[in-house]
Amino acid sequence: MVVDEPAREERLASVLERPRAQVAAALHELAAEYTAQGRGFDLRPVAGGWRFYSRDLCAPAVDRFVLDGQQARLTQAALETLAVVAYRQPVSRSRVSAVRGVNCDGVMRTLVQRGLVEEAGSEPETGAILYRTTNHFLERMGLRGLDELPELAPFLPEVDDVEAESLEGTMIAEAIAAAQTAAGDGEADGAAPDR
């Protein structure tokens, strides 16, 4: 309750002067006991350590008390950028921008300021700064590690669908170009275009 990040078992064992295995067992036992008793708080392993959380049933009341309606939510652009960083890390801003199809410099600065993303060195070939998610990100998402991120495959379109859309897009572009060419030829001959 007195730390601002998850407490690691090693640190607790050091402070308590007990073996790490004994501390880990006690933490698991406490977590199970709190759940069995239906307490308003929960002890969970997250981001490589342990942290107290409001139990889901009590969270809305705690949010109202603590936040008083001042919740700062991430924009859609920030969520998309954060997802790209989480799945592709370490990644440069230019790569994130390429994946999203828009410039993400401002959004990336916001994510860094909120402590969700941090610098992770630089790319040897280009010197571009690389970014990765932080432990704060894991904490906010309720994840123990990046291996708990959901698989992307179920959310991706099938290869045949992507090829069909690409082909359809190409056919539409060719049809528009042909129509523009025909309209240009018709106007050059003095014929009025059909409307």
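Up top is the structure these notes are about.
Keep in mind that this is a model prediction, so the values were computed, not measured.

Thresholds applied
- Residues numbered from 1 in each chain as written.
- Predicted model: local features only at pLDDT ≥ 70, side-chain atom pairs only at ≥ 80, totals over all residues.
- Heavy atoms only, no water.
- Helix = DSSP H or I, 4+ residues; strand = E, 2+ residues; numbered from the N terminus.
- Contact = heavy atoms within 4.5 Å.
- Areas by Shrake-Rupley, 256 points an atom, 1.4 Å probe, with all protein chains shown as cover.
- Salt bridge = Lys/Arg side-chain N within 4 Å of Asp/Glu carboxyl O.
- Buried < 20%, exposed > 50% of the residue type's maximum accessible area, 1.4 Å probe, protein only.
- Expected span 1.5 Å × (residues − 1).
- Arc of directions from axis to C-beta.
- Polar contact = N/O pair within 3.5 Å; in protein donor to acceptor, adjacent residues only side chain to side chain.
- Axes fitted to C-alpha atoms, helices over the stretch in contact; angles between N-to-C directions.
- Left-handed = near helix turned anticlockwise from the far one by under 90°.
- Nonpolar A, V, L, I, M, F, W, Y, C, P; charged D, E, K, R; others polar.

Colleague: Honestly, the overall build of the chain in this entry has me stumped. Any pointers?
Modeller: Looking only at helices and strands, one finds 8 helices and 5 strands in the chain. The order of α-helices and β-strands along the chain, N terminus first, is α-α-β-β-α-α-β-α-α-β-β-α-α. Within the chain, contacts between residues at least 6 apart in sequence are counted, and of these 40% link residues at least 24 apart. Looking at the chain as shown, the accessible area adds up to about 13800 Å², and 53% of this sits on carbon and sulfur atoms.

Colleague: I tried to follow the pattern of salt bridges on my own but got confused; where do I start?
Modeller: One side chain can pair with another of opposite charge once the charged atoms of both are near each other. Under the criterion given, the structure shown has 10 salt bridges. One salt bridge connects R51 with E139, and the closest N-O pair in it is separated by 2.4 Å. Residue R51 is found in strand β2 (residues 49-54), and its partner E139 is found in helix α7 (residues 135-141); the two are separated by 88 residues along the sequence. Taking the relative accessible area as the measure of exposure, E139 reaches 12% and is therefore buried. If you follow the salt bridges from partner to partner, you end up with D42, R44, R55 and D56 in one network.

Colleague: Any chance you could explain helix α4 (residues 76-88) here in plain terms?
Modeller: Taking 1.5 Å of rise per residue, the 13 residues of α4 would be expected to cover 18 Å, and the 18 Å separating its terminal C-alpha atoms lies within 8% of that figure. Looking only at α4, the buried set comprises A78, T81, L82, V84, V85 and A86. Among the structural elements, β3 (91-92), α5 (93-100), α6 (105-113), β4 (117-122), β5 (129-133) and α7 are those in contact with the buried residues of α4.

Colleague: Could you clarify how one ought to interpret α5 in this entry?
Modeller: Since one α-helical turn is 3.6 residues long, residues separated by three or four positions face the same way. Looking only at α5, the buried set comprises V96, S97 and R100. End-on view of α5: buried residues confined to an arc of 100°, all on one side of the axis. Exposed and oriented more than 90 degrees from the buried face of α5 are S94 and A98. Buried positions along α5 lie against α4, β3 and α6.

Colleague: Got a minute to help me understand the side chain of D42 in this structure?
Modeller: Mapped onto the elements of the fold, D42 is located in strand β1 (residues 41-46). Judged by relative accessible area, D42 falls into the buried class, the value being 12%. A distance of 3.0 Å separates a polar atom in the side chain of D42 from a polar atom in the side chain of R44. When neighbours within four sequence positions are excluded, D42 is seen to be in contact with T35, R51, F52, Y53 and R55.

Colleague: How should the packing of α4 against α5 be read in this particular structure?
Modeller: If you want to describe how two helices pack, look at the angle between their axes and the distance between the axes. At their nearest, the axes of α4 and α5 sit 10 Å apart, and the two run at 115° to each other. For α4 against α5, the interelement crossing comes out right-handed. Across the interface between the two elements, A77, E80, T81, V84, V85 and R88 from α4 touch R95, V96, V99 and R100 from α5. A class-by-class count of the residues in the contact of α4 with α5 yields 5 nonpolar, 1 polar and 4 charged.

Colleague: Before we go on, may I ask you to explain unusual backbone geometry in this structure?
Modeller: Leaving glycine aside, a negative phi is the common case for residues, and trans is the common case for peptide bonds. That bond from Q89 to P90 is cis: its omega, -10°, falls within 30 degrees of zero. Among the secondary structure elements, P90 is positioned in the loop between α4 and β3. We note that E17 has phi near 55°; this positive angle belongs to a residue other than glycine. Assignment of secondary structure puts E17 in the loop between α1 (9-16) and α2 (20-37). Relative accessible area serves as the criterion here: at 70%, E17 is assigned to the exposed category. Look at A47: it is not a glycine, yet its phi comes out positive at around 50°.

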